[in-house]
Amino acid sequence: MLSARAAAASPLWKRGEGGSSGSGSGCTSCREVRRRAAAVRVRAAAPRRVEAVAMESAAETEKEEEVAAAGGGVEDMATEEVPVTPWAFSVASGYTLLRDPHHNKGLAFSEKERDAHYLRGLLPPAVVSQDLQVKKIMHNLRQYSVPLQRYMAMMDLQERNERLFYKLLIDNVEELLPVVYTPTVGEACQKYGSIFRQPQGLYVSLKDKGKVLDVLRNWPERNIQVIVVTDGERILGLGDLGCQGMGIPVGKLSLYTALGGVRPSACLPITIDVGTNNEQLLNDEFYIGLRQRRATGKEYHELMEEFMSAVKQIYGEKVLIQFEDFANHNAFDLLAKYSKSHLVFNDDIQGTASVVLAGLLSSLKVVGGTLAEHTYLFLGAGEAGTGIAELIALEISKQTKAPIEECRKKVWLLDSKGLIVNSRKESLQAFKKPWAHEHEPVTTLLDAVQSIKPTVLIGTSGVGKTFTKEVIEAMASFNERPVIFSLSNPTSHSECTAEEAYNWSQGRAVFASGSPFDPVEYNGKIHVPGQSNNAYIFPGFGLGVVISGAVRVHEDMLLAASETLADQATQENFEKGSIFPPFTNIRKISARIAASVAAKAYELGLATRLPQPRDLEKYAESCMYTPVYRSYR
């Protein structure tokens, strides 16, 4: 008797165009495998006795045997009280192929493929190109007036036809980036319980303590290169969304593939569910996570330790673990603890810092001077603020050869209690202490601006409308070209809008934001605001880590990424008011960033893929996943 599992694993079944790159599939004897697998019968509990039958005799059996021979029937015949074994087999042909997102091509299957893979009759007669499919879906997406509807349509497409999803995203990146990423992903996380359809990643909860390795083994892929993990405590500027923060890892990894070319099968989204302190979610009947208060202290760190150890055990030392949207009190501790033993990267601390530093380096070509000649004031002293501040100080130190402690004095931070100064040092959290400088106490942003007279104002507070008219007018009063970065996400939490920045500075501001804003006309001139989006950095950074086989992340790799991105902005961008290059070139930009990051990894002795390729940029491009349909044999 042939079991379903044995039938699926039979040597008669061979994947063509195979491998882990998500390519096409074929078979050498599909008809035989289909015959044998469809003949599988599972022995159910008495009194019903089910026996295996051959496909050839299926037409001569009773009706219920016909159902079973077709590959099912056991569940149909059993009552709810009788347990059944959920046997399944996978053959990349026919109805199964059309529901396999990794290999489905929809109406793009050719006539030859339809015959070879038993698709005749399962599809309408028309054969269309992938480009026409993209055109049709974009037409449909544009009919939706609600961004969340577009998000859900995109997620449905990803679950149905993976290559078409990435082709669509790559070809229309500027239009669709706000749909699959900020700002729409924030609303998606808030409503994730209501829109949840099927899992797109792994959920590790407190219930899994002691069994985390087993949970990771449940994921079907083994060659994982990038993991994005969150515990959902600080999702964008929206706060604690618990288990529903899964939208962030899913969205980030879709960009790793679309913008950075990392294979979809090599990406793994993970949510660590330790509960939530969000009362609204705890009382929401549709909430999908643990209904308990968020675990802290020993219980929390034991689960994280088990998780980090399990990841290393099952995926090896060279898997990049990206921490995403952890609260401040855990983010800094986790990064400091595991950066010595794992390949870890915190996008909120390091990714945001890298892209903002790139924007500052680029803005110098507009406002003049060196990085060390400017003065920086931050509204917000959390992960993003202190991470950006530290990278600015490191770059100044690199350029001037001055000690990092001296370079930090060019950077001022203001938190909810006011300017961070020496007199507050004893009460400050550890990550804020390096930014306590000698100055009288100041409680408001306007007073800080008027006192310090910064040339660069950066908002990472997560609080909207805090860059008031008075603040921006003050910046414009002593700066010919004030640099204003309003970085908080989503759009409703932005410190100011592009229109406000340009209008209140008489069109003189060099502006960038975290969320996208439309172009603004002021005195007859069109200003195109730059978006200081982490998506410029982390996909290329991750690709560089992967192609070099790096085992640790070094701060110099972040500086290399920033400098490379800054070099991509052109005079044409500056004339339009943008200090970042357009996203239409993002895959080329990512390849260049990857090459710079990989080169630095080799230089620092952190790379393991030897020998080093002669042309790292060409090598990076050759490693990038492309979503064009494969031909099946």
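Quick notes on the rules
- Every chain begins its residue count from 1, and numbering advances along the sequence as written.
- Side-chain atom pairs in this predicted model are given and counted only at pLDDT of 80 or more, local residue features only at pLDDT of at least 70, and totals for whole chains, interfaces and linings cover all residues.
- Water and hydrogen atoms were dropped before computing side-chain values, which therefore reflect all heavy atoms in the structure.
- Helix and strand definitions follow DSSP, with helices as H or I runs of at least four residues and strands as E runs of at least two, each counted in order from the N terminus.
- Partly exposed describes any residue whose relative accessible area lies between the buried limit of under 20% and the exposed limit of over 50%, with all areas from a 1.4 Å probe on protein chains only and scaled to the type maximum.
- Throughout this description, a polar contact denotes any pair of N or O atoms lying within 3.5 Å of each other; where both atoms belong to protein, one of them has to be capable of donating a hydrogen while the other can accept it, and for residues adjacent in sequence the pair is counted only when both atoms sit in side chains.
- In this analysis, two residues are considered to be in contact whenever any of their non-hydrogen atoms come within 4.5 Å of each other.
- Per-residue confidence from the prediction method is given by pLDDT, with values spanning 0 to 100.
- Salt bridge, as used here, is a side-chain nitrogen of Lys or Arg placed within 4 Å of a carboxyl oxygen of Asp or Glu.
- Whether a set of points on the 1 Å grid over the protein atoms alone is a cavity depends on a 1.4 Å probe fitting there but being unable to get out, while an open set qualifies as a pocket with protein on both sides within 12 Å along at least five of seven lines; lining residues are those with an atom within 4 Å of a point.
- Grid points are joined across faces, edges and corners, and a volume is the space filled by probe spheres set on the points.
- Residue type decides the class: Asp, Glu, Lys and Arg count as charged, Ala, Val, Leu, Ile, Met, Phe, Trp, Tyr, Cys and Pro as nonpolar, and the leftover types, Gly among them, as polar.
- Any two strands with at least two DSSP-identified bridges between them are counted as paired.
- Convention used here: a crossover is right-handed provided that the path from the first strand, over the helix, to the second strand proceeds clockwise when the strands point away from the viewer.
- Axes here mean lines fitted to C-alpha atoms, for a helix over just the part in contact, with angles spanning 0 to 180 degrees between N-to-C directions.
- Two rings from Phe, Tyr or Trp (for Trp, the six-membered ring) form a pair when their centres are within 6.5 Å of each other. A pair whose planes differ by under 30 degrees is stacked, one over 60 is edge-to-face, and the rest are tilted.
- In our convention, an over-ring charge means Lys NZ or Arg CZ found within 6 Å of a ring centre and within 35 degrees of that ring's normal.

Draft legend 1. Structural detail: the side chain of Ser515. In this fold, Ser515 is placed in the loop between strand 11 (510-513) and strand 12 (520-522). The exposure class of Ser515 is buried, given its relative accessible area of 1%. A polar contact is formed between the side chain of Ser515 and the side chain of Asn489, at a distance of 2.5 Å. When neighbours within four sequence positions are excluded, Ser515 is seen to be in contact with Pro183, Ser488, Asn489, Pro490, Thr491 and Gln531.

Draft legend 2. Quick look at the confidence of the model for the protein chain. Mean pLDDT over the protein chain: 88, with 87% of residues reaching 70 or higher. Low pLDDT, under 50, characterises residues 1-75; the stretch is placed with 127 contacts to residues that sit more than four places away or in other chains.

Draft legend 3. Spotlight on the pattern of salt bridges. Under the criterion given, the structure shown has 34 salt bridges. Here Asp171 makes a salt bridge to Lys167, at a shortest N to O gap of 3.3 Å. With Asp171 and Lys167 both in helix 9 (residues 162-171) and 4 residues apart, this pair spans about one turn of that helix. Overall, Lys167 belongs to the buried group, its relative accessible area being 15%.

Draft legend 4. Seen up close, empty space enclosed by the protein. Scanning the model with the defined rule gives 3 cavities of 30 Å³ or more in all. Space inside the largest cavity adds up to approximately 100 Å³. Taken together, Tyr151, Met152, Met155, Asp156, Glu159, Tyr192, Ile195, Phe196, Arg197, Gln198 and Gln200 make up the lining of the largest cavity. Broken down by element, the lining of the largest cavity gets its largest block of residues, 5 residues, from helix 8 (residues 147-160). Of the residues in the lining of the largest cavity, the class split is 6 nonpolar, 2 polar and 3 charged.

Draft legend 5. Local environment of the pairing of strand 4 (residues 320-323). Side-chain alternation along strand 4 places Leu320 and Gln322 on one buried face and Ile321 and Phe323 on a second face that is also buried. By the bridge criterion, 4 bridges tie strand 2 (residues 226-230) to strand 4 in an arrangement that is parallel. Residue pairing in the sheet places Ile227 in a bridge with Ile321 of strand 4. As paired strands, strand 4 and strand 5 (residues 344-346) are joined by 3 bridges and run parallel to one another. In the sheet register, Ile321 faces strand 5, and the bridge partner there is Val344. In this fold, the crossover linking strand 4 to strand 5 by way of helix 17 (residues 328-338) has right-handed handedness.

Draft legend 6. Representation of helix 24 (residues 538-548) in the model. Burial of helix 24 is extensive: 11 of the 11 residues sit out of reach of the surface. Within helix 24 the residues assigned to the buried category are Phe538, Pro539, Gly540, Phe541, Gly542, Leu543, Gly544, Val545, Val546, Ile547 and Ser548. With its phi angle positive at about 65 degrees, Gly549 sits one or two positions after the end of helix 24.

Draft legend 7. Here's a closer look at the sheet that holds strand 7 (residues 411-415). Taken together, the 7 strands give an open sheet; going across it, the order is 8-7-6-9-10-11-14, and neighbouring strands pair in mixed fashion. Both outer strands of the open sheet, strand 8 (418-419) and strand 14 (530-531), are each paired with one neighbouring strand and no more. Where strand 7 lies against strand 8, 2 bridges are found, and the strand directions are antiparallel. By the bridge assignment, Leu414 is partnered in strand 8 with Leu419. Against the sheet, helix 21 (residues 445-452) engages strand 6 (376-379), strand 7, strand 8 and strand 9 (456-459), with an angle of about 175 degrees to strand 6.

Draft legend 8. Quick look at the packing of aromatic side chains. All told, the structure shown has 13 aromatic pairs when counted by the stated rule. Consider the rings of Phe345 and Phe541, whose centres lie 4.8 Å apart with planes at 20 degrees: the pair is stacked. With a gap of 196 residues between them, Phe345 in strand 5 and Phe541 in helix 24 connect regions that are remote in the sequence. Accessibility classification places Phe345 together with Phe541 in one group, the buried group. Ring-pair connections join several aromatic residues into one group, and the members of that group are Phe165, Tyr166 and Tyr625. Directly above the aromatic system of Tyr95 lies the positively charged group of Arg99, at a separation of 3.8 Å from the ring centroid. Lying across the ring of Phe478, Lys453 places its NZ or CZ 5.6 Å from the centre.

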